[in-house]
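# Notes for the structure review
The chain contents come next:
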Amino acid sequence: MENVIEVRNLKKNYQNVEAIKGITFNVKQGSLFAFLGTNGAGKSTTIDILCTLTEKTSGTVKIAGHTIGTNENDAIRKEIGVVFQDSLLDERLSVYENIWHRGIAYGLKKEELKRNFKFVESHLHLDDIVKKKYGKLSGGQRRRADIARALIHRPSILFLDEPTTGLDPQTRQFVWQAIKKLQKETKMTVFLTTHYMEEAAVADEIVIIKKGEIVAQGTPNYLKENYAYDQLLVVFKENVEVGSYLSSYKYKFQKDTYTIPLKKTRDAIPILEKLEPVVQSFEVIKGSMDDVFIRINEEGDILNDNNHEFSKQTFKSI
Ligand code: ADP
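In this text, all values refer to a predicted model and were calculated from it rather than measured experimentally. (Residues numbered from 1 in each chain as written. Predicted model: local features only at pLDDT ≥ 70, side-chain atom pairs only at ≥ 80, totals over all residues. Heavy atoms only, no water.)

Now for the domain arrangement of the protein. As far as domains go, the protein holds domain 1 (3–218) and domain 2 (226–317). Relative placement of domain 1 and domain 2: their C-alpha centres are 40 Å apart. Interface area, domain 1 with domain 2, both sides summed: about 860 Å², of which 73% is carbon and sulfur. Summed over the three residues of domain 1 that lose the most area to domain 2, namely Met 197, Ile 208 and Lys 210, the buried surface amounts to 56% of that side. (Domains from an automatic or database assignment. Buried area = accessible area lost by both parts, 1.4 Å probe.)

Listed below in structure tokens is the structure:
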């Protein structure tokens, strides 16, 4: 697959704030790409640069073969659609009018605009809201209209800046399903920022930034294998003196249950063999994308140091 976005050593300073400190990554054509980071990490700044809205300080960015910051910015804008956290639609106009006006602003001729409108209407299931005023829509309906507006010129790359933030869980799921379906059916490249790890978990590739630098990247599986840890949950038989059994492990204790962090799932086997005489029940919980994000963003490392809520006992025998 070809790279549709190429970012090389990108830097951005705001006066004395180094918001982006030289990041390099690629986005493959047709992929779902997730760009993650806590608040202030530099996600919006990066998106704004990629969408030609903010000037970079240095580095190079290529979008669909065009170089940002040259006389190719107009060509780039034709290739991209953007949905920001704050909507740009006019509350007093209907969904249809909002989208239609946007198409005209892009210089689309009537026939093409009609064709494109049909496309966004069917892919974003607008039939029930197309005649309604934007200001009267629910949060989920607004998001669908926002995405439709961003797609009216049929861009090859869609940027979504936290598209589901602020929506209730059910609506979030509905909007997210629509985005996934759209991406699958149209093979469009989707560049997404999100706080929700379950959304990032279905991405083809994830880049995580922290304080303007890339701290991890790879497929969700790669990140889970390398950054998430599994956990062994154990409940002991009553009236058992467990201290000697647990002396060589890190663990935490909560509501009858001891939790032991594992580097990999199979590490549970020798521990369970050792604890076997005193174990009442146990469970192994696989690491998730949430764990990846937490582990990357926490300062310590529970498996390799003692600076954590887990007990300070060594982990050396695992
Ligand atoms: P995120 O989108 O990940 O929350 P941002 O890109 O908004 O992060 O911000 C990255 C850093 O740049 C933060 O330290 C933020 O305070 C700073 N920043 C963002 N925009 C500006 C601006 N216009 N002027 C000065 N500093 C800014």
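Turning next to the sheet that holds strand β11 (residues 230–236). The 4 strands lie next to each other as β12-β13-β11-β14, forming an open sheet whose pairing is antiparallel. In this open sheet, the two strands that pair with only one neighbour each are β12 (252–254) and β14 (279–285). Averaged over all neighbouring strand pairs, the angle between strand axes comes to 25°, with direction disregarded. Bridging between β12 and strand β13 (residues 257–262) involves 3 bridges; their strand directions are antiparallel. By the bridge assignment for β13, Phe 253 is matched with Tyr 258. Along the sheet face, helix α10 (residues 268–275) touches β11, β13 and β14 and points at about 10° away from the line of β11. (Pairing = 2+ DSSP bridges. Helix = DSSP H or I, 4+ residues; strand = E, 2+ residues; numbered from the N terminus. Axes fitted to C-alpha atoms, helices over the stretch in contact; angles between N-to-C directions. Contact = heavy atoms within 4.5 Å.)

Now for the confidence of the model for the protein. Confidence along the protein averages 89 in pLDDT terms, with 94% of residues attaining 70 or more. Within the protein, helix α11 (residues 289–297) has the poorest average pLDDT of any element, 83, and strand β1 (residues 3–14) the best, 98. For residues 312–318, every residue scores under 50 in pLDDT, and the model assigns this stretch 24 contacts once sequence neighbours within four places are set aside. (pLDDT = per-residue confidence, 0-100.)

All right, on to helix α4 (residues 110–123) then. The terminal C-alpha atoms of α4 lie 20 Å apart, and with 14 residues this matches the ideal 20 Å at 1.5 Å per residue to within 8%. Looking at the buried residues of α4, the elements they touch are α3 (95–105), α5 (139–151) and α6 (169–186). (Expected span 1.5 Å × (residues − 1).)

Read across the open sheet, the 6 strands follow the order β6-β7-β8-β3-β9-β10; overall the sheet is mixed. This sheet does not close on itself; its edge strands, each paired only once, are β6 (80–83) and β10 (213–218). Taking each pair of neighbouring strands and ignoring which way they run, the sheet shows an average axis angle of 15°. One ladder, built from 5 bridges, connects strand β7 (residues 157–161) with strand β8 (residues 189–193); its direction is parallel. Looking across to β8, one finds that Ile 157 is bridged to Thr 189.

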